[in-house]
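Next come the chains, spelled out residue by residue.
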Amino acid sequence: MNKKSQLIKADLLISGAGVVGMTLAYSLANAGLQVVIVDTLDVKKSLNDEFDGRSYAISYAPYVMLKTIGLWDKIGKHAQPINEIHVTDGESPVFLHFDKGELGDGPLGQMVEVRHIRAGLFEAINNHENITLLTPDKISKTENFPGHVLVEFESGKSLEVALLVSAEGRGSVLRAQNDIKIRVWDYKQTGIVTTVEHELDHQGIAHEKFFASGPFAILPLQNNRSSIVWCEPPERAKTIMSLPERSFNAELTKKFGTFLGEVKSLGLRWSYPLTMQLADDYTAERFCLIGDAVHGIHPIAGQGFNLGLRDIAALSEVLVDAHRLGGDIGSELVLERYVHWRRTDNNILALGMDGLTRLFSNDNPLVTVARRAGIAAIEEMLPVKKFFMQHARGTAGKLPKLLRGEIL
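Reading the values: the criteria
- Residues numbered from 1 in each chain as written.
- Predicted model: local features only at pLDDT ≥ 70, side-chain atom pairs only at ≥ 80, totals over all residues.
- Heavy atoms only, no water.
- Helix = DSSP H or I, 4+ residues; strand = E, 2+ residues; numbered from the N terminus.
- Buried < 20%, exposed > 50% of the residue type's maximum accessible area, 1.4 Å probe, protein only.
- Contact = heavy atoms within 4.5 Å.
- Salt bridge = Lys/Arg side-chain N within 4 Å of Asp/Glu carboxyl O.
- Pairing = 2+ DSSP bridges.
- Axes fitted to C-alpha atoms, helices over the stretch in contact; angles between N-to-C directions.
- Polar contact = N/O pair within 3.5 Å; in protein donor to acceptor, adjacent residues only side chain to side chain.
- Phe/Tyr/Trp six-rings, centres within 6.5 Å; stacked < 30°, edge-to-face > 60°.
- Lys NZ or Arg CZ within 6 Å of the ring centre and 35° of its normal.

Peer 1: What is the right way to read the overall build of the protein chain from this model?
Peer 2: When helices and strands are tallied, the protein chain shows eleven helices and 21 strands. Across the 408 residues that make up the protein chain, the buried fraction comes to 53%. Once local pairs closer than 6 in sequence are excluded, the contacts in the protein chain between residues at least 24 apart make up 73%.

Written out as structure tokens, the structure reads:
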């Protein structure tokens with residue numbers, strides 16, 4: 001079959017079939033847009049337990065969006081509500097306590113293992129009448145024309161769309177091809193991820209412990225399990241990752257403590273270098289970035305996926321509005337509305353997380369005293385705590401319809 005006979009026409013192409021790309025595709029397809037997703041990886045191979053051991057804390061407003069578009073029933077079957085969050089500075093007895101009762105409208109968030117999110121999303125998009133999945137395949141060439149982009153693939157297929165979206169993650173190839181520069185900050189930390197089981201019930205409480213070497217997060221999962229994000233300098237992380245199981249569990253217990261009884265890893269471990277990166281621009285001609293392709297942040301507060309979901313809510317509303325009015329969804333005017341909506345929120349949260357990381361990854365005695373005094377002061381100031389909680393839950397500022405629970 002020649003290339004001409006393989007020409008596909010659609011409204012947009014999403015490059016990247018990760019959790020952000022699949023969620024965006026489903027959101028837009030349900031609103032009537034014809035969507036194509038391409039990825040170099042066969043999506044089915046990303047559904048096994050060994051592919052990604054992380055878990056995501058989905059905050060309240062993104063959770064509302066996922067329910068609104070009909071995805072929560074598919075990805076949230078194994079979700080664990082977060083009822084409280086305890087933040088401590090090392091082994092200090094002073095801690096900052098966030099409780100769902102202080103806001104009164106549901107959990108602070110929902111913990112979901114990435115493997116369940118991927119499986120649910122694939123179930124949702126596979127065989128969807130408005131979604132074409134091209135995996136594994138690879139973009140070999142793109143060319144802009146008045147009113148559309150022509151995309152050619154290594155498989156020989158060709159595609160004509162109004163807009164090309166990169167949901168390729170931090171290493172976005174299309175971002176580089178569109179000459180969009182990124183700024184990168186290296187934290188000189190590695191994040192170790194594993195799932196543990198413990199004797200006692202965590203009661204839906206998440207713990208964030210800050211040490212000079214990096215934060216240590218205990219994030220509740222179902223069935224007396226927790227997801228661990230353990231940050232250490234790269235060489236020490238490499239040593240920890242290479243330990244046999246018994247030694248690894250001994251080091252884990254030193255950080256974790258015994259407040260939930262005996263704790264041990266369930267075996268699989270992953271590690272990731274920790275950096276922050278922000279793209280200088282969000283768009284180019286008939287092209288835009290979304291999720292980690294535009295902002296990659298430290299996992300200190302579990303906000304990375306939430307930022308991507310907030311991007312999806314804004315971009316979906318902008319594109320669906322233009323589509324229903326018969327407009328050009330790839331026009332500069334339409335894309336600029338998305339940029340205006342998301343840039344400030346993304347930058348404030350990314351730089352805020354960067355500041356927290358640098359403040360807490362510091363063993364200067366004067367800084368330590370000031371930190372602990374600040375934690376004690378904020379704990380007594382309910383209006384300030386509510387302010388932080390509203391931002392963490394994604395309920396502050398002008399929200400897109402989906403984050404408010406309104407159908408597009």
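Peer 1: Honestly, the pattern of salt bridges in this entry has me stumped. Any pointers?
Peer 2: Oppositely charged side chains can pair when the atoms bearing their charge come close. For the structure on display, the rule yields 20 salt bridges. Between Glu251 and Lys254 there is a salt bridge, and its shortest N-O distance comes to 3.1 Å. Placement of both Glu251 and Lys254 in helix α7 (residues 245-256) is noted, with a separation of three residues, approximately one turn of the helix. With a relative accessible area of 18%, Glu251 lands in the buried category. Its relative accessible area of 60% is what places Lys254 among the exposed residues.

Peer 1: What should I look at first to understand the sheet that holds strand β4 (residues 55-59) in this one?
Peer 2: Spatially, three strands are ordered β4-β8-β5 in an open sheet, and the strand pairing comes out antiparallel. The sheet terminates laterally at β4 and β5 (80-82), the two strands that pair on one side only. Averaged over all pairs of adjacent strands, the angle between strand axes in this sheet comes to 30 degrees, irrespective of strand direction. One ladder, built from five bridges, connects β4 with strand β8 (residues 109-113); its direction is antiparallel.

Peer 1: Can you walk me through the side chain of Glu251 in this structure?
Peer 2: Here Lys254 takes part through its side chain, which lies 3.1 Å from a polar atom of the side chain of Glu251. The residues contacting Glu251, other than those within four sequence positions of it, are Trp230, Arg236 and Leu243.

Peer 1: I keep staring at the packing of aromatic side chains and nothing clicks. Help me out?
Peer 2: The geometry of an aromatic ring pair is captured by the separation of the ring centres together with the interplanar angle, meaning the angle of the planes. Counting across every chain of the model gives seven aromatic pairs. With a centroid separation of 5.8 Å and an interplanar angle of 80 degrees, the aromatic rings of Phe216 and Trp230 are classed as edge-to-face. Residue Phe216 is found in strand β16 (residues 214-221), and its partner Trp230 is found in strand β17 (residues 225-232); the two are separated by 14 residues along the sequence. Of note, Lys255 hangs over the ring of Phe211, and the distance from its end group to the ring centre comes to 3.9 Å. In this structure, Arg269 packs its charged tip against the face of Phe248, placed 3.9 Å from the ring centre.

Peer 1: Whenever I open this one, the side chain of Thr275 confuses me. Can you help?
Peer 2: With respect to the helices, strands and loops of the structure, Thr275 is situated in strand β18 (residues 263-279). A distance of 2.9 Å separates polar atoms of two side chains, one belonging to Thr275 and the other to Arg170. Thr275 has contacts with Arg170, Val184, Trp185, Asp186, Tyr187, Gly296, Ile297 and His298, leaving out every residue within four places of it along the chain.

Peer 1: In this structure, what is going on with the pairing of strand β3 (residues 35-38)? I would like to understand it.
Peer 2: A regular strand places its side chains on the two faces of the sheet in alternate fashion. Going residue by residue along β3, you find Val35 and Ile37 tucked away on one face and Val36 and Val38 tucked away on the opposite face as well. As paired strands, strand β2 (residues 12-15) and β3 are joined by four bridges and run parallel to one another. Bridging from a neighbouring strand, Leu13 pairs with Val36 of β3. Bridging between β3 and strand β9 (residues 131-134) involves four bridges; their strand directions are parallel. Among the inter-strand pairings, Ile37 is bridged to a residue of β9, identified as Leu133.

Any link to function would need more than the numbers given here.
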